Amino acid sequence: REATIAGNDGGELATYVNEKLVCEAGVDFDSRPMLAFYACRLLNPDVVDYDRLLNLIQFRLDDFVESDYTVVLFAASARYNPSIKWLFNAYRRLGRKYKKNLKALYIVHPLKWVQVVMTAMNAILSPKFAKKVKWIDTLSELAQAVPINQINIPPEVYQFNTTKEAQIKVPTHGRPPSRFFGVPLEQLMGAHGEQGLPAPVADALDYLYTNALEVPDLFRRTPPPPTLQKLRNQYEAAGHVSVAYAVWGEHVAAAVLKTWCRELPQPIIPPQYYELIRQLPDPAQHPDQAAVYTRDIVLPALSDPPCVSLLLAALFGLLRAVADHSAINNMTSAKLAAAWAPNFVRSSQPDVDISMCSVTRFSEAPRAKHNSSDDDDDDVLDLSGGASENRPNVVTLARLMIDQYQLIFKPTLEAAEALAKQQ
């Protein structure tokens, strides 16, 4: 693996795959990690070893395949098209490990020959996988299926889309007034948490603590959307206070908890605090210093209103308990942090949000410097403006909050206990 990543270019192609070819795109409407693949950024096969390229794409997918996930493939405007033989080999190499948890593959602006080839391969090799492939003709159609504003769509794709439609229509996914979902946290809990945890949170926490600490891959599985909608309807029904999760199971309770957090009007980590998190000391090198920084600087900043810290203490208490059983459930603090981070952030700059939740494992390798006076050439790896950073982000913070739970949340827990006694 390390030799393939480094290659004979110092890891330059690996970085290109991460930053230009296969990019993180936040989460879809069901809170599943979403990846975008851009055919228009495929490189010249006379210059690049496509067998190594396929290996690097597999390594990239390895960061996501253990969870339910979604892929959006933009097929238009490709300057270089891989051969049918390479496509067939890629289809075979990306076996059950990569297809099992892939919930949807959206192929946008498909070329006729690609559609014919893939349909034939699916019919012969995997009729079950064929049901996951969705052919998308326009960006308006894509916007119905995934949150398109989170995807960094290249100009070439927008240009091609103009041959299909004059204007992109993005739906507003509005919801009727709600009792619990999409309601300000302060309204539900009270400014200082005096009203307690909201019912969706309290019910899910209670059920998961009791029944789910050893459940494999907790928080990485997504139940069918109709099931989640039934749960929402039960909570929103007048006079209904709680839901019996024993009927629905652990993964439904986990998904409701994530959905409720993601739909808060003010995200748990507002964008004005991103740079504060970027300044976090490296937990790998200075774990105690990082924990103290989080306790004394980050957590107080996020606690506006103060009930936010109580919510975080409750959520991360559960995550710490799940991580303590990782030998059985396979959910380490790193995996839990990656699963939860996208539910904590939201801003008007989706590309920044995505960088704050990136789980990319490749480190940025030293690159050869090209003469800036050279003519622009697509055969040269262009990594200018890449968003890859080794600085801490929300995944780093979440993992630290799990690993150092007692140190970070001790003052919050003591304040909550004092509030309970006072009441």
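Refer to the structure printed above.
Here the residue numbers are simple positions, counted from 1 along each chain's written sequence. Under the rules for a predicted model, residues below a pLDDT of 70 receive no local features and side-chain atom pairs below 80 are neither given nor counted, while totals for whole chains, interfaces and linings still include all residues. To obtain the side-chain values, all non-hydrogen atoms of the structure were included, while hydrogens and water were left out.

Student: What's the story with the pattern of salt bridges in this structure? I'm lost.
Tutor: A pair can form between side chains of opposite charge whenever their charged atoms are brought close. Just to be clear on terms, a salt bridge is a Lys or Arg side-chain nitrogen sitting within 4 Å of an Asp or Glu carboxyl oxygen. A full pass over the atoms with the stated rule returns 15 salt bridges. The salt bridge partner of D68 is K103, with a shortest N-O separation of 3.9 Å. Remark: K103 occurs in strand 4 (residues 102–108) and D68 occurs in the loop between helix 3 (50–62) and strand 3 (69–74); sequence separation between them is 35 residues. The class for K103 is partly exposed, based on a relative accessible area of 35%. A salt bridge links D403 to R399; its shortest N-O distance comes to 3.7 Å. Pair noted here: D403 and R399 are both in helix 20 (residues 394–403), with a separation of four residues, about one helical turn. When a residue's accessible area, from a 1.4 Å probe over protein chains only, is under 20% of the maximum for its type it is buried; when over 50% it is exposed; and in between it is partly exposed. By relative accessible area, R399 is classed as partly exposed at 41%. Look at the salt bridges and you will find they share partners, linking E66, D68, K103, D217, R220, R221 and K335 into a network. Segments assigned H or I by DSSP are reported as helices when at least four residues long, segments assigned E as strands when at least two residues long, and all are numbered from the N terminus.

Student: How do you make sense of the packing of helix 16 (residues 307–323) against helix 18 (residues 333–340) when you look at a structure like this?
Tutor: Helix-helix packing is characterised by the crossing angle of the two axes and by the distance between the axes. To obtain each axis, a line is fitted to C-alpha atoms, and for helices this fit is confined to the stretch in contact; angles are then taken between N-to-C directions over 0 to 180 degrees. In the contact formed by helix 16 and helix 18, the axes pass within 9 Å of each other and the chain directions differ by 140°. Comparing the axis directions of helix 16 and helix 18 gives the class oblique. Of the two possible hands of crossing, helix 16 and helix 18 adopt the one that is right-handed. Contacts between helix 16 and helix 18 involve L315, L319, V322 and A323 from the former and S333, L336 and W340 from the latter. Classifying every residue of the contact of helix 16 with helix 18 gives six nonpolar, one polar and no charged. We call two directions roughly parallel when the angle between them is under 35 degrees, roughly antiparallel when it is over 145, roughly perpendicular when it lies between 65 and 115, and oblique otherwise. Each crossing gets its handedness from the near helix: less than a right angle anticlockwise from the far helix is left-handed, clockwise is right-handed. Contact criterion: two residues are considered in contact whenever any of their non-hydrogen atoms come within 4.5 Å of each other. Ten residues, namely Ala, Val, Leu, Ile, Met, Phe, Trp, Tyr, Cys and Pro, are considered nonpolar, four, namely Asp, Glu, Lys and Arg, are considered charged, and the remaining ones, Gly among them, are considered polar.

Student: When you look at the environment of W86 in this model, what are you seeing that I'm missing?
Tutor: On the secondary structure map, W86 appears in helix 4 (residues 84–93). Here W86 falls in the buried class, since its relative accessible area comes to 12%. Between the C-alpha atoms of W86 and L54, which are 32 residues apart in sequence, the distance is 9.0 Å. Look past the residues within four positions of W86 in its chain and what remains in contact with it is Y50, D51 and L54.

Student: Honestly, the pairing of strand 2 (residues 33–38) in this entry has me stumped. Any pointers?
Tutor: A regular strand places its side chains on the two faces of the sheet in alternate fashion. For strand 2, the tally of buried residues reaches five of six residues, placing the bulk of the element in the interior. In this scheme, strands are said to pair when DSSP sees at least two bridges between them. In the sheet, strand 1 (residues 22–27) pairs with strand 2 via four bridges, with the strands oriented antiparallel. Bridge pairing in strand 2 links E24 to L35. Where strand 1 folds back onto strand 2 in an antiparallel hairpin, the turn is made up of five residues, including S31, whose phi is positive at roughly 70°. In this sheet, strand 3 lies alongside strand 2 in parallel orientation, the contact comprising five bridges. Its bridge partner lying in strand 3, M34 is registered against T70.

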